Amino acid sequence: MLERYLDIKPDVSEALKKGKPVVALESTIISHGMPYPKNVETALNVEKIVRENGAVPATIAILEGRLKVGLSENEIEYLGKARDVVKTSRRDIPFIVSKKLDGATTVASTMIIAALAGIKVFATGGIGGVHRGAQETFDISADLQELAQTNVAVVCAGAKSILDIGLTLEYLETNGVPVVGYGTDEFPAFYTRKSGHKVDYRVDRAEELAATLKAKWDLGLNGGVVVANPIPEEYEMNYDVITKAINDAVIEAEAKGIRGKETTPFLLARVKELTGGDSLESNIALVYNNAKIAAQLSVELVKLYK
Ligand code: PSU
Ligand code: MN
């Protein structure tokens, strides 16, 4: 049945069959999160880093309605350039598939497709969350609801302060999603290592984290885990600079009446412009760091499933 919809790249499929480590990667970050050609260059480097750390990368997207688990270089290049790729979250999948369109997958939809293929570890930049002002707008990313139900660990650099980080953590707690700090007691805020919010648990080694995931899923506690891996110090941004850029972008989005699925891409693009490109360099560095930890985690995890 799944073959009707799913194409798994041969190297990914072979790794999965043999119980070798695989790391899922998302594609909204390519098509809506970074400008061309940096997006393509970053996506290809991320795959390389995953390989160097002992796992097989599987970048996920929807192409002509097919759920793709693992993309070729040409397909990554295409996603990075094409203008009519639809940002695809859970609710969009059936339409993109049945109309045979191209879709870039968010954290939520990448988790769904990874789980269909049997992949348990996923690396990205930052997760979506509860937006500032959500008390009025109800703007809460579908990523959080996905984390509540789909068994995939998401390695990220925390959440951007375009979101209300405190409310995002409350929402995750309500939904039983563990938030784990990788080598940190504090939840990182994407561009900065600190957010003023604590994590629930801290782990310092991939092995420890793998054991936690195994225990969670063995016990039937469905859902994901947020692995919050802070940006390396040397790439961290100045707190005041990034805070001002984000605050200005949020005010502008409100004034322009930006809503729904456009909000996150608008804010990401504005923050990048307002920081003169510095935020893009930080963004790339933290994604690389997440790819490395995700690969190490997947290496440890497959040992427990032998
Ligand atoms: N946050 C980032 N970079 C991103 C995204 C979020 O720092 O590229 C993307 C991810 O794909 C995430 C999506 O899943 O935005 C969330 O969008 P929304 O808020 O519309 O659910
Ligand atoms: Mn939203």
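Treat the numbers as computed from the prediction; the structure is a model and nothing was measured.

The rules behind the values
Residues numbered from 1 in each chain as written. Chains lettered and ligands numbered in written order. Predicted model: local features only at pLDDT ≥ 70, side-chain atom pairs only at ≥ 80, totals over all residues. Heavy atoms only, no water. Helix = DSSP H or I, 4+ residues; strand = E, 2+ residues; numbered from the N terminus. Rg over C-alpha atoms; globule rule 2.2 N^0.38 Å. Buried < 20%, exposed > 50% of the residue type's maximum accessible area, 1.4 Å probe, protein only. Contact = heavy atoms within 4.5 Å. Areas by Shrake-Rupley, 256 points an atom, 1.4 Å probe, with all protein chains shown as cover. Lys, Arg positive; Asp, Glu negative; His and termini not counted. Charge placed at Lys NZ, Arg CZ, Asp CG, Glu CD. Near = heavy atom within 4 Å. Polar contact = N/O pair within 3.5 Å; in protein donor to acceptor, adjacent residues only side chain to side chain. 1 Å grid on protein atoms, 1.4 Å probe; cavity = no way out; pocket = protein on both sides within 12 Å on 5 of 7 lines; lining within 4 Å. Sits in = over half its atoms within 2 Å of the grid points. Nonpolar A, V, L, I, M, F, W, Y, C, P; charged D, E, K, R; others polar. Salt bridge = Lys/Arg side-chain N within 4 Å of Asp/Glu carboxyl O. Phe/Tyr/Trp six-rings, centres within 6.5 Å; stacked < 30°, edge-to-face > 60°. Lys NZ or Arg CZ within 6 Å of the ring centre and 35° of its normal. Points joined across faces, edges and corners; volume = space filled by probe spheres on them.

Here the focus is the overall build of the protein. Each helix and strand counted, the protein has 13 helices and 11 strands in total. Taking 2.2 N^0.38 as the reference for a compact globule, 306 residues should give roughly 19 Å; the C-alpha atoms of the protein span a radius of gyration of 18 Å, in line with that estimate. Projected onto its principal axes, the C-alpha positions of the protein cover 50 × 40 × 35 Å. Looking at the 306 residues of the protein, the share that counts as buried comes to 55%. A separation threshold of at least 6 residues defines the contact pool for the protein, and within that pool the share at least 24 residues apart is 75%. With the model as given, the accessible surface of the protein reaches about 13,700 Å², and the carbon-plus-sulfur share is 52%. Each charge sign in the protein was given a centre, from 36 positive and 41 negative side chains, and these centres are 5 Å apart.

Let's shift gears to the site of ligand 1. Not every one of the 14 residues close to ligand 1 is listed here, only the nearest: Lys87, Ser141, Asp143, Lys160 and Thr264. Within the backbone of valine 107, an N or O atom sits 2.8 Å from an oxygen atom of ligand 1. Lysine 160 is positioned with one of its side-chain polar atoms (N or O) 2.3 Å from an oxygen atom of ligand 1. Computed on the free molecule, ligand 1 has an accessible area of 470 Å², of which 93% lies beneath the protein chains in the complex. Of the pockets mapped on this structure, ligand 1 occupies the largest pocket. By residue class, the composition of the shell around ligand 1 is four nonpolar, six polar and four charged.

A few words now on the pattern of salt bridges. Under the counting rule described, the total for this entry stands at 21 salt bridges. Where glutamate 146 meets arginine 90, a salt bridge forms, and the shortest distance between an N and an O atom there is 2.8 Å. In this pair, glutamate 146 sits in helix H8 (residues 142-149) while arginine 90 sits in the loop between strand E5 (86-88) and helix H5 (93-98), placing the two residues 56 residues apart along the sequence. The class for glutamate 146 is buried, based on a relative accessible area of 1%. Its salt-bridge partner being glutamate 273, residue arginine 270 comes within 2.4 Å of it at the nearest N-O pair. Note that arginine 270 and glutamate 273 are positioned in helix H12 (residues 263-274) at a spacing of three residues, about one turn of the helix. Classification of arginine 270 by relative accessible area gives buried; the value is 19%. Exposure remark for glutamate 273: the relative accessible area of 52% places this residue in the exposed category.

Tallying each qualifying case throughout the model produces one aromatic pair. For the pair phenylalanine 190 and tyrosine 191, a centre-to-centre distance of 4.9 Å together with 80 degrees between the ring planes defines the contact as edge-to-face. The residue whose ring lies beneath lysine 160 is phenylalanine 190, and the NZ or CZ to ring-centre distance is 3.8 Å. If you follow lysine 214 out to its NZ or CZ, it ends over the ring of tyrosine 305, 5.3 Å from the centre.

Okay, empty space enclosed by the protein next. This structure, assessed with the given rule, holds two cavities of 30 Å³ or more. By volume, the largest cavity is sized at about 130 Å³. As for the largest cavity, its lining consists of 14 residues, and the residues nearest its centre are Glu26, Ile29, Ala43, Val46 and Val287. Sorting the residues of the lining of the largest cavity by element identifies helix H2 (28-33) and helix H3 (38-52) as the ones contributing at least two each. Among the residues forming the lining of the largest cavity, the class breakdown is eight nonpolar, four polar and two charged. Estimates place the volume of the second largest cavity at around 60 Å³. In this structure, the second largest cavity is lined by Gly33, Met34, Lys160, Tyr191, Leu268, Lys272, Ser279, Leu280 and Asn283. Going through the elements one at a time, H12 and helix H13 (278-304) are the ones with two or more residues in the lining of the second largest cavity. Ranked by residue count, the leading element in the lining of the second largest cavity is H13, at three residues. Per-class residue counts for the lining of the second largest cavity are four nonpolar, three polar and two charged.

Generally, phi is negative for residues other than glycine and the peptide bonds are trans, each holding for most cases. The step from tyrosine 36 to proline 37 runs through a cis peptide bond, and the omega angle for that step is 5 degrees. By the element assignment, proline 37 lies in the loop between H2 and H3. One non-glycine residue, glutamate 64, lies in positive phi territory at about 45 degrees. Relative to the elements of secondary structure, glutamate 64 occurs in the loop between strand E3 (56-63) and strand E4 (66-69). Overall, glutamate 64 belongs to the exposed group, its relative accessible area being 61%. One non-glycine residue, phenylalanine 138, lies in the positive phi region at around 65 degrees. Relative to the assigned elements, phenylalanine 138 resides in the loop between helix H7 (134-137) and H8.

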